[in-house]
Amino acid sequence: MTQRQGAARTCGRLLLLFWFVLAPGSLLAQGINQSEPLTVHPRQSLTTIERSFALPTWGEATLFDRRRETLPETVPAFFRDSTLKADLRTYYRDKVTTGTQPAAVTEAWAAGGSLAWESGKLFERLHGGVTLYTSLPLYAPEAYGNTGLLLPNQSGFAVVGELYGKVDLPLDHTVTAGRYTWSTPYVGRQDNRMVPNTFYGYMLTGSQEDKGRDLSVRYGGGYLATIKQRDSDTFMSMAQAAGAPVDRGTVAGGAVLTWGPASIGAFEYYTQDILNILYAEGSYGAEAWPAVEAMLSIQAADQRATGANLLTGSYFSTGQLGVRLQVGADPVMVTAAFSQVGGGAAMQNPWSNNPFYTDGLVLDYQRAGESALLLGGTVNLRHVGLPGVTVQLQFFDGWTTAAPGGPLVESEWDVTVDWRPQVMLPGLWFRFDYGVAQTWQGSSYTRSNEARAILNYRVRVF
């Protein structure tokens, strides 16, 4: 790293400090949802499949909550019941990888978010919406690109990521067509940068509920032609996003059954001549003894090439199995997880986050044949005079003999701090992440240090 580059990175950190400490007006902006805020309650620590067909709901402020009461009855419900939400975010990311020559650096500080309008219902059945997403550089050296916050060349962008129509059908069924977000294990928002993934296609979703038996089922499926990835302002085919040089869409569908403290679900994703993914997951939560909650979760995925094998040019097959145990007694929760990848190939997740429990801040622990262990703890600090503050510490360890290049070992330490002052400013959420990852393979050694600082504030205008 040159002296000039080092000075530029120092300047960026000083600007970041100015933003968070000397610019209180920024607290009036809110970010679109990242992943989910930390919790010390195992039953609130939902699995990937439990979040399927549902958007994040971690709270928001409302500016004009009595607007509808002031409108004349003659105003059509299409306009009277419409909503407008502003989700703004500022995000700083800095990653330095050493052990290679020269050192690799990615760094940027961006601001932006989304403005979403959704209509009321026309004829009690038809409605729709539009969402504008944007990410603008505040500090973005061109030489440190590919942060995922901006375009790969560090330029800002704005895009109509969602433009959809919906038709509500009898028995709690809905048809959605156009640009929209999906929330499933392998086709999802991946909302851990500035803007989420969005998709173009159509889907049918439904749900049934038996409150007397505490039983519910959510299900859905459809066809996805294209995806707008989180660091892009254009849509590309699902096959191209996976890495194949052709245009193909993906057929996807699945269901989630919840019965009291238990849940089970499965999803299937099929892209002709490219990839087939089957994912299943189950969990059970219980009160181990008074004031102590426990949650056991198991997940499995199978991935394989299909048809003409256009993704890699040859057939491949692999899979991953994971198990997680969480035990919590407010204000503390401990987590232990283990996963194992098949030796045939590494796992892939081109259209979403890695859904497995052993996914770290820096590394994903999905190499061919990799075993991975997670040990972690989460604590809420309200009992020591810091209401709304939650801290999590995690350790990951992974090893495999099937990786290209020979046996490999990697480990990682991550710390996350969440602050959500729900009483004073509902919808405000500040997160700081820091991770240190190390990889050893023969005589090769790599170390990565990554820091993230994210400020979100969600406001519903009306």
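See the structure above.
Counting starts from 1 at the beginning of each chain's written sequence and moves along it residue by residue. Note on the predicted model: pLDDT of at least 70 is required for a residue's local features to be given, and 80 or more for side-chain atom pairs to be given and counted; whole-chain, interface and lining totals, by contrast, use all residues. Hydrogens and water are ignored here; the side-chain numbers use all heavy atoms of the structure.

> What exactly am I supposed to notice about the overall build of the protein here?
Helical segments are the DSSP runs of H or I of at least four residues, strand segments are the runs of E of at least two, and each set is numbered from the N terminus. Scanning the protein from terminus to terminus reveals four helices and 20 strands. Radius of gyration here uses only the C-alpha atoms, and the compact-globule reference equals 2.2 Å multiplied by the residue count raised to the power 0.38. At 22 Å, the protein has a C-alpha radius of gyration in line with the 23 Å of a compact globule built from 462 residues. Each principal axis of the C-alpha distribution contributes one length, and for the protein these read about 75 × 55 × 55 Å. Nonlocal contacts in the protein, meaning residues at least 24 apart in sequence, comprise 63% of its contacts between residues at least 6 apart. Note on areas: these come from Shrake-Rupley sampling with a 1.4 Å probe, and a residue is covered only by the protein chains present in the view. Counting only carbon and sulfur atoms, one obtains 62% of the accessible surface of the protein, whose full area is about 21,000 Å². Whether two residues are in contact is decided by their heavy atoms: any pair within 4.5 Å suffices.

> Got a minute to help me understand empty space enclosed by the protein in this structure?
The rolling of a water-molecule-sized probe over the atoms marks out the regions of remaining empty space. Put simply, the grid is 1 Å and covers the protein atoms alone, a cavity is a trapped set of points that fit a 1.4 Å probe, a pocket is an open set with protein on both sides within 12 Å along at least five of seven lines, and lining residues have an atom within 4 Å of a point. Grid points are joined across faces, edges and corners, and a volume is the space filled by probe spheres set on the points. For the coordinates displayed, the defined rule picks out one cavity of 30 Å³ or more. Size it by volume and the largest cavity reaches roughly 40 Å³. Taken together, Thr176, Ala177, Gly178, Tyr180, Trp182, Phe199, Tyr200, Gly201, Tyr202, Met203 and Leu224 make up the full set of residues lining the largest cavity. Every element with two or more residues in the lining of the largest cavity is listed here: strand E6 (173-180) and strand E7 (198-210). For the lining of the largest cavity, the element with the most residues is E7, which contributes five residues. Residue type decides the class: Asp, Glu, Lys and Arg count as charged, Ala, Val, Leu, Ile, Met, Phe, Trp, Tyr, Cys and Pro as nonpolar, and the leftover types, Gly among them, as polar. Among the residues forming the lining of the largest cavity, the class breakdown is eight nonpolar, three polar and no charged.

> Sorry, what's going on with the packing of aromatic side chains here?
To describe a pair of aromatic rings, you give the distance between the ring centres and the angle between the ring planes. Ring pairs are drawn from Phe, Tyr and Trp, using the six-membered ring of Trp, whenever the two centres fall within 6.5 Å, and their geometry is named by plane angle: stacked under 30 degrees, edge-to-face over 60, tilted for the rest. In total, this model carries eleven aromatic pairs according to the counting rule given. Their ring planes at 90 degrees and their centres at 6.1 Å tell us that Tyr279 and Phe356 sit as a pair that is edge-to-face. Taken as a pair, Tyr279 in strand E12 (residues 275-289) and Phe356 in the loop between strand E15 (332-341) and strand E16 (371-380) lie far apart in primary sequence, 77 residues in all. The pair Tyr279 / Phe356 is uniform in exposure class, with both members buried. A centroid spacing of 5.6 Å and a plane angle of 45 degrees characterise the contact between Trp440 and Tyr445, whose relative ring orientation is tilted. Site record: aromatic cluster; members linked through ring pairs are Tyr186, Phe267, Tyr269, Tyr279 and Phe356. Type-normalised accessible area, obtained with a 1.4 Å probe on protein chains alone, sets the label of each residue: buried when under 20%, exposed when over 50%, and partly exposed for intermediate values.

> Would you mind showing me how to read the environment of Gln320 here?
When you line up the elements, Gln320 lands in strand E14 (residues 317-329). Setting aside residues no more than four positions away along its own chain, Gln320 makes contact with Gln299, Ala300, Ala301, Ser339, Gln340, Val341, Met347, Phe356, Thr358, Tyr365 and Gln366. A polar contact of 3.4 Å, which involves the side chain of Gln320, links it to the side chain of Ser339. Between N or O atoms, a polar contact is any pair within 3.5 Å; within protein, one atom must be a potential hydrogen donor and the other a potential acceptor, and residues adjacent in sequence are included only when both atoms are from side chains.

> Is there a simple way to explain the nonpolar core in this structure?
Only buried residues count toward a nonpolar core, which is a set of Ala, Val, Leu, Ile, Met, Phe, Trp, Tyr and Cys residues joined through side-chain atoms within 4.5 Å. Tyr186, Val187, Phe199, Ile274 and Trp351 are the most contacted members of the largest nonpolar core, which totals 33 residues. Mapped by element, the contributors of at least two residues to this core are E7, strand E8 (215-228), helix H4 (238-242), strand E10 (250-259), strand E11 (262-271) and E12. Top contributing element to this core by residue count: H4, with four residues.

> What is the right way to look at the pairing of E16 in this model?
One face of the sheet, then the other: side chains in a regular strand alternate in exactly this way. Pairing between strands requires that DSSP locate at least two bridges from one strand to the other. Of the strand pairs in this sheet, E15 and E16 are connected by nine bridges, and their pairing is antiparallel. Bridging across to E16, Val334 finds its partner in Gly377. With ten bridges connecting them, E16 and strand E17 (residues 389-400) associate as antiparallel partners. Residue Thr378 lies in a different strand from E17, and its bridge partner there is Gln392.

> How should I be thinking about a nonpolar patch on the surface in this particular structure?
A patch is a set of surface residues, each over 30% in relative accessible area and not in a salt bridge, joined within 9 Å for like charges and within 5 Å for the nonpolar side chains Val, Leu, Ile, Met, Phe, Trp and Tyr. Here, a salt bridge means any Lys or Arg side-chain nitrogen found within 4 Å of an Asp or Glu carboxyl oxygen. A cluster of nonpolar side chains, Leu296, Ile298, Leu321, Val323, Leu325, Phe338, Leu373, Leu375, Trp399, Val409, Trp440 and Tyr445, forms an exposed patch at the surface whose accessible area comes to about 1,000 Å². For the nonpolar patch, the secondary structure elements donating two or more residues are strand E13 (292-304), E14 and E16. Of all the elements, E14 adds the most residues to the nonpolar patch, at three residues. Along the chain, Phe338 falls in strand E15.

> Sorry, what's going on with the environment of Ala143 here?
Tracing the sequence through the fold places Ala143 in the loop between strand E4 (126-139) and strand E5 (157-169). Note on Ala143: relative accessible area 60%, which makes it exposed. Note: C-alpha distance between Ala143 and Thr106 (37 residues apart in sequence) is 8.0 Å.

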